[in-house]
Amino acid sequence: MVNQVQRADGSWQSCKSDSSGAGTSGESSKESSRCSTPVLDADRADRLQDKMRKRIESGDHWFSLEFFPPRTASGAVNLISRFDRMGSGGPLFIDITWHPAGDPGSDKETSSMMIASTAVNYCGLESILHLTCCNQTKDKITGYLAKAKHLGLKNIMALRGDPMSADWEDEEGGFNYAIDLVKHIRSEFDDYFDICVAGYPTGHPEAESYEVDVKHLKEKVDAGANFVITQLFFRAESYLKFLEDCRTVGITCPILPGIFPIQGYQSLCQLVKLSKLEVPEEIMKVIEPIKDNDAAIRNYGIQLAVEMCKLLLESGKVPGLHFYTLNREVATMEVLRQLGLWIEDPRRPLPWAVSANPKRKVEDVRPIFWASRPKSYIYRTQEWDEFPNGRWGNSSSPAFGDLNDYYLFYLKSKSSKDALLEMWGEELKNEESVYEVFTCYITAQPNRDGRKVMCMPWNDEPLAQETNLLKDELEKVNRRGVLTINSQPNINGKSSTDPIVGWGPPGGYVFQKAYLEFFTSSENVSALLEVLKKYEPRVNYHIVNVHGHNRTNAPDMQPNAVTWGIFPGREIVQPTIVDPVSFMYWKDEAFALWIEQWAKLYEDESPSRMIIKYIHDNYFLVNLVDNDFPLDNCLWQVIDDMFEQLDASPQALPQELLS
């Protein structure tokens, strides 16, 4: 693939990218300056067992969450949204269960493998993938483990699993016990995976005795397991006795209690049936009279869980709590809030959402264009062999994979088609109808049908706090057809702990150049190009249409750092850049979203669809950078001057920008 980018002086530069998705560069990978800066947050590079050890040594309690794969594609979309919401509270890790009947190792969006991979790669969550012996050969298990490693998964929960029928049937060429699976993982993959195994505070229901079951757990740990998560229980003393018995036989690794907040009568009965546990009589006496009142049962379950967790934490023997969520969030989040463990820290390690894939652990630089679509950026760069660290590097090197499938469950909008139509308009009358949608999104005001616009094709979330700093100016320009899709204010030395613009370790200072990215008409672009002449070199710009015809004044096609931070004892970190070559890849996606996410909501040849198609075909995508960050942002004045120029003497569009 070749992109041609035109400089402001009229000359052209060709930027090649190979079709394999791996970046190429004139300099060797070993000599590349992309590896010049240490990882910003060293904890990102730690193994899960190391993270646990550090938290235990510091006395800092943690929590973790269990989820199961959904049955439907829409359920997968909802679950990923739940990962994002529950991830904001700071879990140390999550784990994904393995359902043999649900094709768990496949590439289906509902498979255990894909859900766990998405949590790691696209949600930035440390994840454990369950793996069972049930109905699987040794070769099949090895294949699943190799696939998990390739996808960036590095933690496995090794289980025998529940039998497919009433009784366990030996698998020819397979394993019958979790210990055999642990040994196999260590034999085939050495210590690549951290391995978790299950413990049973009241003994496994099929065990010869409680004492024998504890002995078997010791054997699993000795075979290579790094930590234990227990089955659910209803009394704190059950776990504490189990913990003491485990320590007595020489099990020294972390043993995390499995907590199940009771959320409903039916779910309790189902889980108890599967786990073969008995609910204490005193609990059933409370639940039976209110079994048809889910809200009452949930409130009781929250109270019960909070009381039990307090006893566990106050014992001084429990470093962390593992919650069986049943893919629900209300009860678990409320328990964690009451315990003081749910902490939504506004500080970010970097200004963008990080991935937990180990091969991306050194990544600390990205183009700003994907700021609101981080999952898309990760998807399009998943085949890179190395990732920018310290600086972006040679501007001709990035090669982004194509984004042909806009309906992958981790890229799809969380909103239904009906909800999107309610927000963006059942019927569009003209281009001004589109301007109104953008304006309603910026202002968080209801549209003419009384519905708030909570997302756009380029951002599936409400406006960020940082963007709210620019809301008044953004509202003004969107009303006039400058349709903004990305922006940031200029920042000059704010604290890295600032709740809105801060990022990185405490004790540092962060800086930003003002940035504005928008779609606008060819008439506006003609006037803008005339106006920009008087703002050079203070303002850098790049203007492109859907066909790739473009104009930029980026010096020598080099990237421009627009966000950076200074921290005690570290080099300057510049995690966000404006790169003219990457912009040409982004423009394909940015323009395509008009059609894929918006136009396709309407019938073929309908007036609404044709309005969106007209904008897609005729508008330009523009980015502007104000390099003088200590001064007041001049980009709003640039836009005002553009409209004045347009009113005074309309300009003809330069020939090289005509399609």
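Keep in mind the model is a prediction, meaning the values are calculated, not measured. (Residues numbered from 1 in each chain as written. Predicted model: local features only at pLDDT ≥ 70, side-chain atom pairs only at ≥ 80, totals over all residues. Heavy atoms only, no water.)

### Notes on the overall build of the protein chain
Right, so step 1: Across its full length, the protein chain carries 20 helices and 20 strands.
Right, so step 2: Each of the 659 residues in the protein chain was classed as buried or not, and the buried ones make up 56%.
Right, so step 3: A separation threshold of at least 6 residues defines the contact pool for the protein chain, and within that pool the share at least 24 residues apart is 74%.
Right, so step 4: Carbon together with sulfur atoms contributes 48% to the accessible area of the protein chain, which is approximately 28,200 Å² in total. (Helix = DSSP H or I, 4+ residues; strand = E, 2+ residues; numbered from the N terminus. Buried < 20%, exposed > 50% of the residue type's maximum accessible area, 1.4 Å probe, protein only. Contact = heavy atoms within 4.5 Å. Areas by Shrake-Rupley, 256 points an atom, 1.4 Å probe, with all protein chains shown as cover.)

### Here's the deal with the nonpolar core
Right, so step 1: Counting residues in each nonpolar core, the largest one holds 168 residues, and the members touching the most others are Phe 83, Trp 458, Trp 594 and Trp 598.
Right, so step 2: With 12 residues, the single largest contributor to this core is helix 18 (residues 580–598).
Right, so step 3: Aside from chain neighbours lying at most four places away, what touches Trp 594 is Val 434, Phe 438, Trp 458, Leu 483, Phe 519, Ala 599, Ile 612, Ile 615 and His 616.
Right, so step 4: Grouped together as the second largest cluster of nonpolar side chains are 29 residues, Trp 62, Met 157, Ala 198 and Ile 297 included. (Core = buried A, V, L, I, M, F, W, Y, C linked by side-chain atoms within 4.5 Å.)

### A closer look at the sheet that holds strand 3 (residues 62–67)
Right, so step 1: The parallel closed barrel is built from eight strands, whose spatial order is 3-4-5-6-7-8-9-10. For this sheet the average axis-to-axis angle between neighbouring strands, irrespective of direction, equals 30°.
Right, so step 2: Bridge count between strand 9 (residues 255–259) and strand 10 (residues 320–324): two bridges; the pairing is parallel. In the strand pairing of strand 10, Ile 259 is matched with Phe 323.
Right, so step 3: Contacting strand 3, strand 4 (93–96), strand 5 (127–132), strand 6 (155–159), strand 7 (194–199), strand 8 (227–232) and strand 9, helix 1 (residues 48–58) runs over the sheet at an angle of about 145° to strand 3.
Right, so step 4: This element, helix 4 (residues 138–150), spans strand 5 and strand 6 of the sheet and lies at about 170° to strand 5. (Pairing = 2+ DSSP bridges. Axes fitted to C-alpha atoms, helices over the stretch in contact; angles between N-to-C directions.)

### Things to note about the packing of aromatic side chains
Right, so step 1: Taken as a whole and assessed by the stated rule, the structure comprises 34 aromatic pairs.
Right, so step 2: Ring centres of Phe 67 and Phe 83 lie 5.0 Å apart, and the angle between their planes is 65°; on these two criteria the pair is classed as edge-to-face. With Phe 67 in strand 3 and Phe 83 in helix 2 (residues 73–87), the pair connects residues that are 16 residues apart, well separated along the chain. Phe 83 shares its class with Phe 67; the two are buried.
Right, so step 3: Taken together, the ring pairs in this structure connect Phe 369, Trp 370, Tyr 377, Trp 384, Phe 387, Trp 392, Phe 400, Phe 583, Tyr 585 and Trp 586 into an aromatic cluster. (Phe/Tyr/Trp six-rings, centres within 6.5 Å; stacked < 30°, edge-to-face > 60°.)

### Some remarks on helix 14 (residues 431–443)
Right, so step 1: Relative to the 18 Å expected for 13 residues at 1.5 Å per residue, helix 14 spans 19 Å between its end C-alpha atoms, a close match to the ideal helical length.
Right, so step 2: Where burial is concerned, most of helix 14 is hidden: 10 out of the 13 residues are buried.
Right, so step 3: Looking at helix 14, one finds that the buried residues are Ser 433, Val 434, Tyr 435, Val 437, Phe 438, Thr 439, Cys 440, Tyr 441, Ile 442 and Thr 443.
Right, so step 4: Against the buried residues of helix 14 lie helix 13 (417–424), helix 16 (471–479), strand 12 (483–488), helix 18 and helix 19 (607–618).
Right, so step 5: One side-chain oxygen at the N-terminal end of helix 14 lies 3.1 Å from the backbone nitrogen of Glu 432; it belongs to Asn 430.
Right, so step 6: Positive phi appears at Ala 444, one or two residues downstream of helix 14, with a value of about 60°. (Expected span 1.5 Å × (residues − 1). Polar contact = N/O pair within 3.5 Å; in protein donor to acceptor, adjacent residues only side chain to side chain.)

### As for the side chain of Asn 155
Right, so step 1: Examined against the element boundaries, Asn 155 turns out to sit in strand 6.
Right, so step 2: A polar side-chain atom of Asn 155 sits 3.1 Å from the main-chain carbonyl oxygen of Ser 127.
Right, so step 3: If sequence neighbours within four positions are ignored, Asn 155 has contacts with Leu 48, Glu 126, Ser 127, Ile 128, Leu 129, Phe 193 and Asp 194.

### Quick word on helix 1
Right, so step 1: All buried positions along helix 1 are accounted for by Leu 48, Lys 51 and Met 52. The buried residues of helix 1 occupy an angular sector of 100° when the element is viewed end-on, so they sit on one face.
Right, so step 2: Trailing helix 1 by a residue or two, Gly 59 shows a phi angle of about 75°, which is positive. (Arc of directions from axis to C-beta.)

### Quick look at the confidence of the model for the protein chain
Where the model shows low pLDDT, its predicted coordinates should not be examined in detail.
Right, so step 1: Residues of the protein chain with pLDDT of at least 70 account for 90%, and the chain-wide mean is 89.
Right, so step 2: Low pLDDT (under 50) marks residues 1–45, which in the prediction has 117 contacts with non-local residues, meaning those over four places away or in another chain. (pLDDT = per-residue confidence, 0-100.)

### Here's the deal with the sheet that holds strand 18 (residues 560–566)
Within a sheet, neighbouring strands are paired by backbone hydrogen bonds and run either parallel or antiparallel to one another.
Right, so step 1: Judged by pairing direction, the sheet is mixed, and its five strands sit side by side in the order 11-19-18-14-13 without closing on themselves. Whereas interior strands pair on both sides, the edge strands pair on one side only; in this sheet they are strand 11 (366–367) and strand 13 (491–495).
Right, so step 2: Here four bridges tie strand 13 to strand 14 (residues 509–512), and the two strands are oriented antiparallel to one another. The residue bridging Ser 495 from the neighbouring strand is Tyr 509, located in strand 14.

### As for the side chain of Asp 641
Right, so step 1: Mapped onto the secondary structure, Asp 641 falls in helix 20 (residues 635–648).
Right, so step 2: For Asp 641, the side chain forms a polar contact with the side chain of Lys 534, separated by 3.2 Å.
Right, so step 3: Residues contacting Asp 641, with those up to four places away along its chain left out, are Val 531, Lys 534 and Tyr 535.

### A closer look at the pattern of salt bridges
Right, so step 1: For the coordinates displayed, the defined rule picks out 37 salt bridges.
Right, so step 2: Measuring nitrogen to oxygen at the nearest pair gives 3.0 Å for the salt bridge that ties Asp 84 to Lys 375. Residue Asp 84 is located in helix 2, and its partner Lys 375 is located in helix 12 (residues 374–380); the two are separated by 291 residues in the primary sequence.
Right, so step 3: What makes Asp 84 partly exposed here is its relative accessible area of 30%.
Right, so step 4: A relative accessible area of 15% places Lys 375 in the buried class. (Salt bridge = Lys/Arg side-chain N within 4 Å of Asp/Glu carboxyl O.)

### Comments concerning unusual backbone geometry
Right, so step 1: A cis amide bond links Glu 536 to the next residue, Pro 537, at an omega of 0°.
Right, so step 2: If you check the backbone angles, Leu 326 has positive phi at about 55° while not being a glycine.
Right, so step 3: Tracing the sequence through the fold places Leu 326 in the loop between strand 10 and helix 11 (330–339).

### Structural notes on the packing of helix 18 against helix 19
Right, so step 1: Here helix 18 crosses helix 19 at 165°, and the two axes come no closer than 8 Å. Judged by the inter-axis angle, helix 18 sits roughly antiparallel to helix 19. Once helix 18 is placed against helix 19, the crossing between them reads as left-handed. Across from Phe 591, Ala 592, Trp 594, Ile 595 and Trp 598 in helix 18, the residues of helix 19 making contact are Ile 612, Lys 613, Ile 615 and His 616.
Right, so step 2: Residue composition of the contact of helix 18 with helix 19, by class: seven nonpolar, one polar and one charged. (Parallel < 35°, antiparallel > 145°, perpendicular 65-115°, else oblique. Left-handed = near helix turned anticlockwise from the far one by under 90°. Nonpolar A, V, L, I, M, F, W, Y, C, P; charged D, E, K, R; others polar.)

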